[in-house]
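Remarks on the overall topology
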Amino acid sequence: RPPPMRRCCAPLGVLLAASTTQSLSFTAQSRLSRVHPARRTAPPTLGAIALLAEQLEVVRSIRPADDSAEVQFKLWENAGLNPTYKVSGSISGEPSYTRLFSHADWREYSGTEPLERWMRAIVTWRYSTVLRALWKLSLLAALWAYAVASLPAALLPRTSPVPMSLFGQALGLLLVFRTNNTYQRLAEARTLWGRAIYLTREVAQGVATALLFDRRVASKEEEMEGAAEGAAASCRYLAAFSWELNAKLTGPTLPDDILRALFTAEEAEWMAAQRSRPLQLLGALRRALHAQWREGNLPTHVHRKLEENVSELNLVASSCERLFSSPVPP
């Protein structure tokens, strides 16, 4: 199916073809076929690409994308954190920043009456992560208030409630400031992670297009395997970068299961010993892209664009580290 621009120019092409009196010769047609080669819809079947597919399947088995409560609990436990305070909305079905909505979730959430959702929230209140985090403090405050209210009036000092009212207003303003600051950090973090996903896709698609789908590279049999190796290595570094950045931010433990699934034992061991694995992976990605450019498989303008995207990924990683290392004001 031709792209929109070609569809718009199709009538003009018909008129030009009808007005000319000479048809294209076989030589001219063959030249046109070389200038506008047929689109390839699939990469070549090479050993490096097949190996990459197998390795990515192993990664998916280690870190499944299922959003069920069991899988999410296991992922947080592997990160060394208590999943009781992390997995929210898995049972009640309510929206939460700890889980991603799918089409089925949106249909279930927006297709029900508000009263039904409220009743479901009341029934499943005991699964609330906020309640699990604050029930001890709330119980202590309730017991203290009950004890003070139960005392006889003769035992209570005669004080004015005005200072307590002013103190409560100050606390309310402080809580509002803290809540707004926290939501701003959450919005920035989600924006940065979305940027990382976009840049990762851009680099992967750019590398695949230049190294696997370019007829100039595919016409040289001796260079096809080298280009496929470079494309597979680049995608391997990108996949490891995302998981390692996630592990560094959600820590405190950094398992090397992803590295061992994607790289050789020697390279995985060296990468796991580095102080900042995400930055080392970006450095390895840059070296792989530079090697393909030196071999002539990557055009200069494509290599420059990929370098800009990798630099943006470096900026995203640095911004995530800034958010993680900067505490929320009291």
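Calculation rules
Residues numbered from 1 in each chain as written. Predicted model: local features only at pLDDT ≥ 70, side-chain atom pairs only at ≥ 80, totals over all residues. Heavy atoms only, no water. Salt bridge = Lys/Arg side-chain N within 4 Å of Asp/Glu carboxyl O. Helix = DSSP H or I, 4+ residues; strand = E, 2+ residues; numbered from the N terminus. Buried < 20%, exposed > 50% of the residue type's maximum accessible area, 1.4 Å probe, protein only. Core = buried A, V, L, I, M, F, W, Y, C linked by side-chain atoms within 4.5 Å. Contact = heavy atoms within 4.5 Å.

Focus on the pattern of salt bridges
- The final tally for this structure, using the stated rule, is 7 salt bridges.
- Taking the shortest distance from any N to any O, the salt bridge between E57 and R60 comes out at 3.0 Å. One end of the pair, E57, and the other, R60, are both in helix α3 (residues 47-62), 3 residues apart, so they sit about a helical turn from each other.
- Linking R322 and E188 is a salt bridge whose minimum nitrogen-to-oxygen distance equals 2.5 Å. Of this pair, R322 sits in helix α14 (residues 300-325) while E188 sits in helix α8 (residues 162-212), and the two are 134 residues apart along the sequence.
- Looking at R322, the relative accessible area reads 42%, which means it is partly exposed.
- Overall, E188 belongs to the partly exposed group, its relative accessible area being 29%.

Some details on the nonpolar core
- By size, the foremost hydrophobic cluster in this structure holds 46 residues, and its most contacted members are Y237, F263 and L285.
- Every element with two or more residues in this core is listed here: α3, α8, α10 (221-250), α11 (257-262), α12 (265-272), α13 (277-295) and α14.
- Ranked by residues supplied to this core, first place goes to α10 with 11 residues.
- Non-local contacts of Y237, meaning those with residues more than four positions away in its chain, are made with F263, E267, L281, A284, L285 and A288.

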